[in-house]
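# Overview (structure and organization)
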Amino acid sequence: MRHTIMVIDDDEKITSMLRRGLAFEGYDVHTAHNGAEGLSMILTAEPDLIILDVMMPKVDGFEVCRRLREGGSTVPVLMLTAKDEVENRVKGLDMGADDYLVKPFALEELLARVRALLRRKEPVIETSGQRLSFEDIVMDLDSREVVRGGHRLELTAKEFDLLYLFLQNPKRVLTRDMIMDKIWGYDYSGESNVLEVYIAMLRQKTEEHGGKRVIQTIRGAGYILRGDS
């Protein structure tokens, strides 16, 4: 089955390069040169994946992603940003992006990210009618709601899946490679710190009402869900 990819970027050189590179790999490619045009085309193209630039005139990539998620779209979004800053990465992920890539990038790396995102067509959560809990954290698998100490946590889809993995494996050290394989579907090596960014965001949300830290770093090993501080 041929996958359809939508590229939304106002840089003609990048859209042209991606169009050629993705088409060569066998993808059907649609391009848009600004956020407004992209949002309009998404409705008819029904892409399997969106490659989305952050810095665009009128409607930027953050706003495009926000509107998609508010509209109920679950299509994977790979964000492109020229700003190698944690704040921009966090903002994009918080808006619902699934991954990000900092410009300039190698086409081979982008293609690897694309393949990985497309492999994750099946959701991480397969069990229904159950709840998972650890101390005062309760996750409802049917409603995909998480409550801690009586406060509902507003988690993105990826944050929910990450917390679900920890709740499935309490008091067990999860290596970085294991987490990346389970949540992102591939061995995510190199300079990217997407996992670290997500861990930081998940910690912030689980601790925002005074909850103690339960997602802890085991230096040189990975992360663990445990109750001791």
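Residues numbered from 1 in each chain as written. Predicted model: local features only at pLDDT ≥ 70, side-chain atom pairs only at ≥ 80, totals over all residues. Heavy atoms only, no water.

Per an unreviewed UniProt entry, the chain is named Two-component system response regulator MprA, and its organism is Fontibacillus solani.

### Observations regarding unusual backbone geometry
Here the amide bond leading from Lys 103 into Pro 104 is cis, since omega sits at -10°, within 30 degrees of zero. Position of Pro 104 relative to the elements: it lies in the loop between strand E5 (99-102) and helix H5 (107-119). A positive phi angle is found at Glu 135, which is not glycine, with a value near 55°. Mapped onto the elements of the fold, Glu 135 is located in the loop between strand E6 (131-134) and strand E7 (137-140). At Lys 171, a position not held by glycine, the phi torsion is positive, near 60°. Position of Lys 171 relative to the elements: it lies in the loop between helix H6 (157-168) and helix H7 (176-184). Under the relative-accessibility criterion, Lys 171 is labelled exposed at 63%. (Helix = DSSP H or I, 4+ residues; strand = E, 2+ residues; numbered from the N terminus. Buried < 20%, exposed > 50% of the residue type's maximum accessible area, 1.4 Å probe, protein only.)

### So, the nonpolar core
The biggest cluster of nonpolar side chains holds 52 residues, and the ones touching the most others in it are Ile 50, Leu 52, Met 79, Met 139, Leu 162, Phe 166 and Ile 179. Both domains that meet at this core, namely domain 1 (2-117) and domain 2 (129-223), each give it at least three residues. Other than its neighbours up to four places away in sequence, Met 139 contacts Gln 130, Arg 131, Leu 132, Glu 145, Val 146, Phe 160, Leu 163, Tyr 164 and Leu 167. If you look at the next biggest cluster of nonpolar residues, it comprises 17 residues, including Leu 78, Leu 110, Leu 111 and Leu 118. (Core = buried A, V, L, I, M, F, W, Y, C linked by side-chain atoms within 4.5 Å. Domains from an automatic or database assignment. Contact = heavy atoms within 4.5 Å.)

### A closer look at the sheet that holds strand E8 (residues 145-148)
In spatial order, the strands read E6-E7-E8-E9; together these four strands make up an open sheet with antiparallel pairing. Here the strands that pair on one side only, and so sit at the sheet edges, are E6 and strand E9 (151-153). Here the average twist between neighbouring strands, direction ignored, is 25°. Where E8 lies against E9, three bridges are found, and the strand directions are antiparallel. Bridged to Val 147 within E9 is Arg 152. Relative to E7, H6 is tilted by about 115°, and along the sheet it contacts E6, E7 and E8. (Pairing = 2+ DSSP bridges. Axes fitted to C-alpha atoms, helices over the stretch in contact; angles between N-to-C directions.)

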